[in-house]
Amino acid sequence: MSGEQGKRKRSDNGWKGKPKRSRKDDLPPQDDDEPQYTNRHPGSFPIDDVKSYPGYQPIDESVPHIKRKYALCFSYLGSAYQGLQINPDCKSVEAELERTLFLAGGIIESNFGFMTKIQWTRAARTDRGVHAISQCCAMKLLVNPDKRHEFIDKVNSLLPSDIRLQGMTKVAKSFNSKNLCSKRTYHYLLPTYVLQDTAITTALLQDAYTRQGPLVGAGYEGG
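Right, let's walk through the structure included here. (Residues numbered from 1 in each chain as written. Predicted model: local features only at pLDDT ≥ 70, side-chain atom pairs only at ≥ 80, totals over all residues. Heavy atoms only, no water.)

The next subject is the pairing of strand E3 (residues 68-76). Burial of E3 is extensive: seven of the nine residues sit out of reach of the surface. Across seven bridges, the pairing between E3 and strand E6 (residues 163-170) is antiparallel. Paired with Leu72 across the strands is Met168, a residue of E6. (Buried < 20%, exposed > 50% of the residue type's maximum accessible area, 1.4 Å probe, protein only. Helix = DSSP H or I, 4+ residues; strand = E, 2+ residues; numbered from the N terminus. Pairing = 2+ DSSP bridges.)

Put into structure tokens, the structure is as follows:
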């Protein structure tokens, strides 16, 4: 086949042959008048409940606001939470953090509950009951870089006592805390006797049970 025959021929109406498809061709048609975001994240606190917090001061959204990308480093005790990541019907650390950032003036109402709008990312996830000495999440906030320390103090005054914001750093718009995380370090704590032979461990537990009886509250039912 010659070079001329191998090329698609052009007619008066355009190029002949099968047009190249893109991923957008597989998406359903979009109504230009339909908003891109319609429902808040089901794991976020109900906005009306958050706004009823004493001392809440709404932000005037008719005035232009500058959102800047920040990386937030925080720590928490995870005993009371079903993990870090915000999820429906779960008590999560991120839901508490989002609520507090909103009350502190870092998130406007039209962005609350829409994690994509503020480009929320996380460096790692922790499961139910797991603690974190240093966790990192990044998002766009309405915070003046020169008033970061005041903002941190305000956030900590609103957060539950088992979550603390340690610091925040202004980062590039393209910063993604998950993709740019260089390493993740985990520590697992367990009693040393569980590393012994099963027979020895069983004998130790049986001896303790014989001497002091069952431990109240040593276990619980449910998931």
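Let us look at the pairing of strand E5 (residues 132-141). Of all ten residues making up E5, eight are buried, and the element is well covered by its neighbours. Summarising the sheet, E3 and E5 pair through eight bridges and their orientation is antiparallel. Residue pairing in the sheet places Tyr70 in a bridge with Met139 of E5. Of the pairings in the sheet, the one linking strand E4 (residues 121-122) to E5 comprises two bridges and is antiparallel in character.

Looking now at the environment of Asp153. Inspection of the secondary structure puts Asp153 in helix H4 (residues 148-158). With a relative accessible area of 54%, Asp153 lands in the exposed category.

Attention now moves to the side chain of Thr201. Note that Thr201 resides in helix H5 (residues 198-212). Once residues lying within four places of it in the same chain are set aside, the contact partners of Thr201 are Tyr193, Val194 and Gln196. (Contact = heavy atoms within 4.5 Å.)

Tallied over the full model, the rule gives three aromatic pairs. Judged by centre distance (5.5 Å) and plane angle (25 degrees), the rings of Tyr56 and Phe102 are stacked. With Tyr56 in the loop between helix H2 (47-51) and E3 and Phe102 in helix H3 (residues 93-103), the pair connects residues that are 46 residues apart, well separated along the chain. On the basis of relative accessible area, Tyr56 is assigned to the buried category, the value being 18%. Arranged with centres 5.0 Å apart and planes meeting at 50 degrees, the rings of Phe102 and Phe112 form a pair that is tilted. Note that Phe102 is positioned in helix H3 and Phe112 in the loop between H3 and E4, a separation of ten residues in sequence. The two residues Phe102 and Phe112 agree in class, both being buried. (Phe/Tyr/Trp six-rings, centres within 6.5 Å; stacked < 30°, edge-to-face > 60°.)

The next point concerns the nonpolar core. By size, the foremost hydrophobic cluster in this structure holds 35 residues, and its most contacted members are Leu101 and Leu141. Counting only elements with at least two residues in this core, the list comes to H2, E3, H3, E5, H4 and E6. It is H3 that provides the largest number of residues to this core, a total of six residues. Residues contacting Leu141, with those up to four places away along its chain left out, are Ile66, Lys67, Arg68, Tyr70, Leu72, Leu101, Gly106, Ile107, Phe151 and Met168. (Core = buried A, V, L, I, M, F, W, Y, C linked by side-chain atoms within 4.5 Å.)

Within H3, eleven of the eleven residues are buried, leaving the element largely enclosed by the surrounding structure. Those residues of H3 that fall on the buried side of the exposure criterion are Val93, Glu94, Ala95, Glu96, Leu97, Glu98, Arg99, Thr100, Leu101, Phe102 and Leu103. Contact partners of the buried residues in H3: H2, E3, E4, E5, H4 and E6. Phi for Gly105, located one or two positions after H3, is positive at around 95 degrees.

A few words now on the sheet that holds E4. The four strands are arranged E4-E5-E3-E6 in an open sheet whose pairing can be described as antiparallel. Edge positions in the sheet fall to E4 and E6, since each of these pairs with one other strand and no more. Sheet strands touched by H3: E3, E4, E5 and E6. Its angle to E3, the strand with the most contacts, is close to 130 degrees. Here H4 sits on the sheet and contacts E3, E5 and E6; the angle it forms with E6, its principal contact strand, is near 160 degrees. (Axes fitted to C-alpha atoms, helices over the stretch in contact; angles between N-to-C directions.)

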